[in-house]
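A structural walkthrough
If you want the building blocks of each chain, they are given just below.
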Amino acid sequence: MSRATGDDQVMLQPALRLAQLKPSPIRMLSEGAAPSAIPLGLGEPTWDMPAAGLKALRETSGPCPYGPNFGLPQLRDAVAKFHGATRDEVLITCGSEGALFSLFLAFLNPGDEVLVPDPFFPAYTSLAHLAGAEAVFYPLDASDRFRLKAEPVIAALHSNPNIKAVVVNSPSNPTGGATTPDELLRIAEVCKARGLMLISDEVYVDLHFGTRPPSLRDVSDYGLVITSVSKAWGSPGLRVGWILGDPSFLGPARTVHGYAVTGATHPAQRAAQALIEDSKSIFIAARSEIKVRWEALRAALKDQLGHDATPPDGSFYHWMELPSAALADPWAFCIRLRDEGGVVLVPGSTFGEQGKRFARLSFAASPEQITEGVRRMAPFWNA
Ligand SMILES: Cc1ncc(COP(=O)(O)O)c(C=O)c1O
């Protein structure tokens with residue numbers, strides 16, 4: 001980036017707040033792949049947007065206004081009804097990423113700490129840095145399929161007095177591990193007793209294999225739920241999400257979100273409303289989409305790698321151990337896998353310390369792609 005001053009060129013430097021921020025490694029891996037590479041990297045549904053959403057988009061007519069910063073009242077009502085809440089407990093955002101951004105910018109000061117899981121969804125640490133705060137970590141339970149337990153959260157709170165916000169994510173990206181109502185309740189009670197902001201990222205709650213993992217809302221009225229239509233409603237491109245919780249948190253978040261982007265687009269909010277009103281049938285269809293994909297993955301892992309794999313509690317991620325030859329440099333291994341093998345997987349180290357021995361395979365891709373992707377992985381795993 002340069003600016004002309006007479007004959008000289010002065011380099012304009014990015015702001016200091018960007019010093020610790022790089023573009024998402026997940027995006028970099030995927031964007032650098034050849035068109036023929038099998039995409040098992042990105043976590044986005046590949047099935048069609050549900051009919052109710054498509055219909056609402058087609059039927060958009062008349063003016064296309066900005067709409068209120070809090071989101072369209074009809075959408076807020078639909079979200080409130082979905083969660084058994086009231087309209088004033090709902091702020092519509094541009095995806096759950098917009099929700100996180102707004103909450104962090106609205107509530108964190110330089111020097112504050114945010115407690116996040118390890119392994120974690122990378123936006124947690126990046127957005128904390130953008131807000132001038134630091135991320136500190138609690139481990140998910142590696143001995144129990146990386147499920148969320150209360151004890152490590154409580155231990156981290158004891159040893160880090162500057163923690164102001166706590167993030168939980170069940171089911172987890174990247175591991176697919178969930179939690180129980182008791183564990184979630186314990187975390188909510190500790191956060192409440194300390195007056196901390198508790199954020200429960202629930203984008204995968206309705207994409208489960210078996211029983212639905214608990215929402216924070218099921219166990220406590222404390223804390224904030226963030227989620228979006230990106231996963232279970234199959235519509236990541238709509239960029240509609242929300243924060244559900246105490247209105248005193250929503251006001252400051254609305255100020256940030258309003259200045260950043262005004263709001264989610266009007267047609268997208270209309271479509272999101274239609275999707276939410278049709279949640280029951282949409283979730284049944286979405287779960288059957290991921291089940292078919294899981295079956296393709298399970299069979300391919302057995303045939304090609306000899307693995308006996310178990311489905312995650314929720315999400316469309318398979319958290320798999322890397323072959324020992326990959327452990328010296330998992331990033332280099334995944335680049336080779338992409339460029340020589342023609343299949344994109346994300347090294348687990350992208351998601352934190354506890355991810356070093358793993359890779360994340362997204363089985364949101366089509367069953368055919370999954371089968372072919374694992375076939376291409378085989379020489380690297382069986383070497
Ligand atoms: C755990 C988790 N939270 C939040 C997001 C952000 O999604 P969106 O902004 O589309 O709601 C993702 C996306 O992959 C995710 O995996």
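Quick caveat: nothing in here was measured; it's all calculated off a predicted structure. (Residues numbered from 1 in each chain as written. Predicted model: local features only at pLDDT ≥ 70, side-chain atom pairs only at ≥ 80, totals over all residues. Heavy atoms only, no water.)

A short note on the domain arrangement of the protein chain
In plain terms, the rule: Annotation comment: domain bounds sourced from an automatic or database domain assignment. Should any heavy atoms of two residues lie within 4.5 Å, those residues are counted as being in contact. Summed over both partners, the accessible area lost on bringing two parts together, with a 1.4 Å probe, is the buried area. Throughout this description, the term salt bridge denotes a Lys or Arg side-chain nitrogen within 4 Å of a carboxyl oxygen of Asp or Glu.
When its domains are assigned, the protein chain resolves into domain 1 (22-48 + 281-381) and domain 2 (51-278). For domain 1 versus domain 2, the separation of C-alpha centres amounts to 25 Å. Contact with domain 1, which involves 30 residues of that partner, is made by 32 residues of domain 2. Taking both sides of the interface into account, the surface hidden between domain 1 and domain 2 amounts to around 2,800 Å²; carbon and sulfur atoms contribute 60%. It is F283, D313 and Q354 in domain 1 that bury the most area against domain 2; as a group they hold 26% of the surface buried on that side. Our enumeration of links across domain 1 and domain 2 arrives at one salt bridge. Close ionic contact of R147 with D313 constitutes a salt bridge, the shortest N to O distance being 2.8 Å.

Remarks on the layout of surface pockets
This is how it is decided: Two kinds of site are reported from a 1 Å grid over the protein atoms alone, namely cavities, where a 1.4 Å probe fits but cannot get out, and pockets, open sets with protein on both sides within 12 Å along at least five of seven lines, and residues are called lining when an atom falls within 4 Å of a point. Grid points are joined across faces, edges and corners, and a volume is the space filled by probe spheres set on the points. Working definition: helices are DSSP H or I runs of at least four residues, strands are E runs of at least two. Numbering for both runs from the N terminus. Classes in brief: Ala, Val, Leu, Ile, Met, Phe, Trp, Tyr, Cys and Pro nonpolar; Asp, Glu, Lys and Arg charged; the others, Gly included, polar.
For the largest pocket, the calculated volume is near 1,100 Å³. If you trace the largest pocket, you find 42 residues lining it, with S24, I26, F121, P122 and A123 closest to the centre. Per element, the largest residue contribution to the lining of the largest pocket is six residues, and it comes from helix α5 (residues 123-130). Classifying every residue of the lining of the largest pocket gives 17 nonpolar, 15 polar and ten charged. Of the domains in this structure, domain 1 (22-48 + 281-381) and domain 2 (51-278) are the two that each give at least three residues to the lining of the largest pocket. Each pocket or cavity is described by its volume, and for the second largest pocket that value is around 400 Å³. The wall of the second largest pocket is formed by 21 residues, among which R145, H318, W319, M320 and F358 lie closest to the centre. Top contributing element to the lining of the second largest pocket by residue count: strand β11 (residues 317-321), with five residues. Across the lining of the second largest pocket, the residue classes break down as nine nonpolar, six polar and six charged. Looking at which domains feed residues into the lining of the second largest pocket, each of domain 1 (22-48 + 281-381) and domain 2 (51-278) supplies at least three.

Focus on the sheet that holds strand β10 (residues 241-244)
The pairing of strands in a sheet comes from backbone hydrogen bonds and takes either a parallel or an antiparallel form. Note the following rule: Here, a strand pair is defined by DSSP locating no fewer than two bridges between the strands. Only C-alpha atoms enter the line fits that serve as axes; for helices the fit covers just the stretch in contact. Angles between N-to-C directions range over 0 to 180 degrees.
Read from one edge to the other, the open sheet built from seven strands follows the order β4-β10-β9-β8-β7-β5-β6, with strand pairing classed as mixed. Since the sheet does not close on itself, it has two edges, and those belong to β4 (90-93) and β6 (134-139), each with one partner. Strand-to-strand, the axes of this sheet are offset by a mean angle of 25 degrees, without reference to chain direction.

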